[in-house]
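Geometric and topological summary
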Amino acid sequence: MRTLVHLSDLHFGRVDPELLDPLRELVHKIAPTVVVVSGDLTQRAKSEQFEEAKTWLDTLPGPQIIVPGNHDISLYNVFRRFVLPLERYKRYITDDLDPVYIDDEIAVLGVNTARSLTVKDGRLNKEQIAKIRETLAGLPKDVVRVVVTHHPFELPEGCTEEDDLVDRAQMAMEAFAESGVDLLMAGHLHKSHAGNTQARYKISEYAALVVQAGTATSTRGRGEVNSFNVIRTEPQKIEVDRYGWDAVHKQFQLLATEKFLRSGNIWAEVNEGMMAAGI
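This is a predicted model, so every value here is computed, not measured.

Concerning the pattern of salt bridges
This model, assessed by the stated rule, comprises 13 salt bridges. Between Glu87 and Arg91 there is a salt bridge, and its shortest N-O distance comes to 2.9 Å. Residue Glu87 and its partner Arg91 are located together in helix α4 (residues 87-92), separated by four residues, close to a single helical turn. For Glu87, a relative accessible area of 24% corresponds to the partly exposed category. Exposure remark for Arg91: the relative accessible area of 45% places this residue in the partly exposed category. Of the charged contacts in the structure, one is a salt bridge between Lys237 and Glu239, with a shortest N-O distance of 3.8 Å. Residue classification places Glu239 among the buried residues on the basis of a relative accessible area of 19%.

Pasting the structure below:
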């Protein structure tokens, strides 16, 4: 079994500082295999915000798979936005925009979806999809395959803006089906969600699990408490724990656990009948 801590939308520059120490302590207690951060480390891509984000991230365990979000590209500085869109991210966080972690049980591929030509939308390109195929090719079948982006492939309940989905998602999903991608992790919407891709993407005998993280530390909660995910992966089973901030006790508490099983190449939530049967 491998354990992933999934943080997203930190938004340094609009952080609630009360959350930082309890979150760090809990992450260390969980002792994850990998810490995943799915974008929007800063609020406005300023140097001091990246410095704060880097300083805090350095207090978390490693290895870490971090990808940028649309807020990590300058919004108002036109030169930086179009000529040097992720220069500060690469200077302070990492110059690897598509990081990879692979061991004998899991492969975690970070993919940059942030683009300077849009304000908040994201996209994948053909070169990135080809790199995913190449990286996953030849891995043993029981290695759990994970792709991390900032922009999501599915929308949580109540979110209806199709533009929030990553562009070229259908093309990417077809490649994911061929490569056996099991799990898609994202952020961007500040809403927690776990489900599969079956309803949106009609791909025969394939459905990946999608896990969306809320904002871990930002004051921009959009009606949901600050939260993050802990994901435990096995070749045939994935469990998703959602932790939320308890303002009374000043700590993150476990709010819910969702369990998913694989049947062939289809991931689906464990239903009540399965639980009654002890599965």
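Notes on the packing of aromatic side chains
By the definition in use, this model includes seven aromatic pairs. Taking 6.4 Å as the distance between ring centres and 5° as the angle between the ring planes, the aromatic pair formed by Phe50 and Tyr92 counts as stacked. Taken together, the residues Phe50 in helix α2 (residues 47-57) and Tyr92 in helix α4 connect sequence positions 42 residues apart. Here the aromatic rings of Trp245 and Phe252 are separated by 5.1 Å at their centres, their planes lie at 65°, and the arrangement is edge-to-face. Assigned by exposure class, Trp245 and Phe252 land together as buried. Through a chain of ring-to-ring contacts, three or more aromatic side chains come together here, namely Phe228, Tyr243, Trp245 and Phe252.

Quick look at the sheet that holds strand β7 (residues 183-186)
Ordered by their spatial adjacency, six strands build an open sheet running β4-β5-β6-β7-β9-β8, and the pairing between neighbours is mixed. Each edge of the sheet is formed by a strand with only one pairing partner; in this case those strands are β4 (100-102) and β8 (193-196). Pairwise comparison of adjacent strand axes, ignoring direction, gives a mean angle of 15° for this sheet. Of the strand pairs in this sheet, β8 and strand β9 (residues 209-212) are connected by four bridges, and their pairing is antiparallel. Each residue of the ladder has a partner; that of Gly195, found in β9, is Val210.

What counts and how
- Residues numbered from 1 in each chain as written.
- Predicted model: local features only at pLDDT ≥ 70, side-chain atom pairs only at ≥ 80, totals over all residues.
- Heavy atoms only, no water.
- Salt bridge = Lys/Arg side-chain N within 4 Å of Asp/Glu carboxyl O.
- Helix = DSSP H or I, 4+ residues; strand = E, 2+ residues; numbered from the N terminus.
- Buried < 20%, exposed > 50% of the residue type's maximum accessible area, 1.4 Å probe, protein only.
- Phe/Tyr/Trp six-rings, centres within 6.5 Å; stacked < 30°, edge-to-face > 60°.
- Pairing = 2+ DSSP bridges.
- Axes fitted to C-alpha atoms, helices over the stretch in contact; angles between N-to-C directions.

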